[in-house]
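# Overview (structure and organization)
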Amino acid sequence: PLLSECFNLHDFEAIARRTMKKAAWGYYSSAADDEITLRENHSAYHRIWFRPQILVDVTNIDLSTTMLGTKVDAPFYVTATALGKLGHPEGEVLLTRAAHNHNVIQMIPTLASCSFDELVDARQGDQVQWLQLYVNKDRDITKRIVQTAERRGCKGLFITVDAPQLGRREKDMRLKFTDSGSNVQKGHKTDNSQGAARAISSFIDPSLSWADIPWFRSITKMPIILKGVQRVEDVLRAVEAGVQGVVLSNHGGRQLDFARSGIEILAETMPVLRQHGLDKKIDVFVDGGVRRGTDIIKAMCLGAKGVGIGRPFLYAMSTYGQAGVERVMQLLKDEMEMNMRLIGCAKIADLHPGLLDTRGLFVH
Ligand code: FNR
């Protein structure tokens, strides 16, 4: 189909399923075990309803907001997803260019197919990137990665904390991994018999703990954000540890099956933060299953600073390249603009929990 015939993000997924190489589809679309969390991530949004307010001037809708001090045109960002060249020969650099054209932030993955330098060099103007970090058992390597990122202008360090071991993604494991172009970290043999995910992840340190956070604080001035927080208790602990943010996320359902959705954890977290007067102390992001403008609006109503989106950009990139990624971004902006109008809010700062009925959210 023509790109102009893709009317929503689900269309891109359906086309990608039909047209992508098997191994790439297997790696991108797969999730842990029975993929219950994968499905829950999107369906949790279906348990939240709107309580629109009427008779508000919604002539002009402004979707812009600020994330970690960066002004962006819309409250979503391109989250880190590994192995971009599985889907498209040019890889993540296409995401960099699309993010620039839509003025949204890109999170660079540790395991990008393109080199870190290539992705930083592709930045245009005052475009902003963050770094996603998998912590290496060899802390000298980790330190070098972090300090290189800071020196090269990254504006946030997102430490992935939900992957001490990579989850079992059986769809991916059935396909032997043969890609050699990935940015695998040196000094570690890869076992290609267990799918792409496991082949590239053996360097990750399962001993990473709260005790390591002060060390990260000591080696960088970048804001530190923990990616993959799944309960309010850990959000409070993150505040205590002095980090600047958390991403409520289950890694797109690819790690612990039966992990709860990010949006549900957000609804659990924000009232507690407000109760303790901590909601201004830490920036809360959420990702997983965001496929519609209304999903983003719901997360912003509940108090998120921004939402991360993964697979839809990969599917669009794999099939239509940069133009596909940009169309996904435009569709999300268009859907957001229309639905902001319909709920009676002209700007992001006007979104609030009273616009939602979340009574059903916690009922599974
Ligand atoms: C990911 N994700 C991820 N996260 C991370 O911290 N480091 C990584 O290398 C990757 N790699 C990765 C690859 C692929 C193919 C996917 C789909 C996801 C998780 C990602 O950052 C994010 O949490 C989810 O993708 C969000 O869910 P959706 O938007 O894909 O539903």
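Refer to the structure presented above.
For clarity, every value in this text was computed on a predicted model and none was experimentally measured.

As a further point, take the overall build of the protein chain. A tally of regular secondary structure across the protein chain gives 13 helices and 12 strands. Its C-alpha radius of gyration of 19 Å places the protein chain within 12% of the 21 Å reference for a compact globule of 364 residues. Sequence separation of 24 or more characterises 73% of the internal contacts of the protein chain that already satisfy a separation of 6 or more.

Ranked by internal contacts, the top residues of the largest apolar core, which has 107 residues, are L157, V246 and L266. With 14 residues, helix 13 (residues 311–343) is the single largest residue contributor to this core. Apart from the residues lying within four places of it in its own chain, the contact partners of L266 are L248, V284, V286, A299, L302, G303 and A304.

Buried residues dominate strand 6 (residues 129–133), accounting for 5 of its 5 residues. Both faces of strand 6 are covered, namely the face carrying Q129, L131 and L133 and the face carrying W130 and Q132. Here 3 bridges tie strand 5 (residues 106–108) to strand 6, and the two strands are oriented parallel to one another. By the bridge assignment for strand 6, Q106 is matched with Q129. Handedness of the crossover joining strand 5 and strand 6 through helix 5 (residues 116–121): right-handed. With 3 bridges joining them, strand 6 and strand 7 (residues 157–160) adopt parallel strand pairing. Paired with Q132 across the two strands is F158, which belongs to strand 7. For the segment spanning strand 6, helix 6 (residues 139–151) and strand 7, crossover handedness is right-handed.

A separate point is unusual backbone geometry. With phi around 60°, E35 is a residue other than glycine that occupies positive phi space. Along the chain, the position of E35 falls in the loop between helix 2 (22–29) and helix 3 (36–43). In the Ramachandran plot, H251 falls in the positive-phi region, its phi being about 65° despite a non-glycine side chain. Judged by the 27 C-beta atoms lying within 10 Å of it, H251 falls in the buried class.

With respect to spatial proximity, 25 residues lie near the ligand, and among them A82, T160, G252, G310 and R311 are the closest. Listing elements by their share of the shell around the ligand, those giving two or more residues are helix 2, strand 11 (306–309) and helix 13. When the residues that make up the shell around the ligand are grouped by side-chain class, the tally is 9 nonpolar, 12 polar and 4 charged.

Helix length check: helix 6 (13 residues) gives 18 Å between terminal C-alpha atoms against 18 Å at 1.5 Å per residue, within 8%. Looking only at helix 6, the buried set comprises T142, V146 and A149. Buried residues of helix 6, seen end-on, are gathered within an arc of 65° and therefore sit on one face of the element. When the buried face of helix 6 is taken as reference, the exposed residues oriented beyond 90 degrees from it are D140 and R151. Directly after helix 6, the chain includes G153, whose backbone phi takes a positive value near 95°.

Burial analysis of strand 8 (residues 224–229) places 6 of its 6 residues in the buried class, which makes it a mostly covered element. Bridge count between strand 7 and strand 8: 4 bridges; the pairing is parallel. Note that in strand 8 the partner of T160 across the bridge is K227. Pairing between strand 8 and strand 9 (residues 245–248): 4 bridges, direction parallel. Residue pairing in the sheet places I225 in a bridge with G245 of strand 9. Handedness of the crossover joining strand 8 and strand 9 through helix 10 (residues 232–241) is recorded here as right-handed.

Moving on: the environment of L273. Relative to the helices and strands, L273 is located in helix 11 (residues 262–275). Taking the C-alpha atoms as reference points, L273 and V239, separated by 34 residues in sequence, lie 9.7 Å from one another. Excluding anything up to four places from it in sequence, L273 contacts V235, L278 and D279.

Relative to each other, helix 11 and helix 12 (residues 293–302) sit at 20°, their axes nearing to 9 Å. Our classification of the angle between helix 11 and helix 12 gives roughly parallel. Crossing hand, helix 11 versus helix 12: left-handed. Packed against helix 11, whose contacting residues are I263, L266, A267 and M270, the element helix 12 presents K298, A299 and L302 at the interface. Among the residues making up the contact of helix 11 with helix 12, the classes are represented as 6 nonpolar, no polar and 1 charged.

Take the environment of R359 next. Counting through the fold element by element, R359 comes out in the segment after strand 12 (356–357). Of the residues examined, R359 has 10 C-beta atoms within 10 Å and is grouped as exposed. Separated by 312 residues in the primary sequence, R359 and R47 have C-alpha atoms spaced 8.2 Å apart.

Take the packing of helix 4 (residues 93–101) against helix 13 next. Their axes nearest at 8 Å, the elements helix 4 and helix 13 cross at an angle of 10°. Between helix 4 and helix 13, the crossing angle belongs to the class labelled roughly parallel. In this structure, helix 4 uses L94, L95, R97, A98 and N101 to contact helix 13, whose residues at the interface are F313, M317, G321, Q322, V325, E326 and M329. Across the contact of helix 4 with helix 13, the residue classes break down as 7 nonpolar, 3 polar and 2 charged.

Calculation criteria
Residues numbered from 1 in each chain as written. Predicted model: local features only at pLDDT ≥ 70, side-chain atom pairs only at ≥ 80, totals over all residues. Helix = DSSP H or I, 4+ residues; strand = E, 2+ residues; numbered from the N terminus. Rg over C-alpha atoms; globule rule 2.2 N^0.38 Å. Contact = placed C-beta atoms within 7 Å. Core = buried A, V, L, I, M, F, W, Y, C linked by C-beta atoms within 7 Å. Buried ≥ 20, exposed ≤ 12 C-beta atoms within 10 Å, placed from the backbone. Pairing = 2+ DSSP bridges. Right-handed = clockwise from strand over helix to strand, strands pointing away. Near = placed C-beta within 6 Å. Nonpolar A, V, L, I, M, F, W, Y, C, P; charged D, E, K, R; others polar. Expected span 1.5 Å × (residues − 1). Arc of directions from axis to C-beta. Axes fitted to C-alpha atoms, helices over the stretch in contact; angles between N-to-C directions. Parallel < 35°, antiparallel > 145°, perpendicular 65-115°, else oblique. Left-handed = near helix turned anticlockwise from the far one by under 90°.

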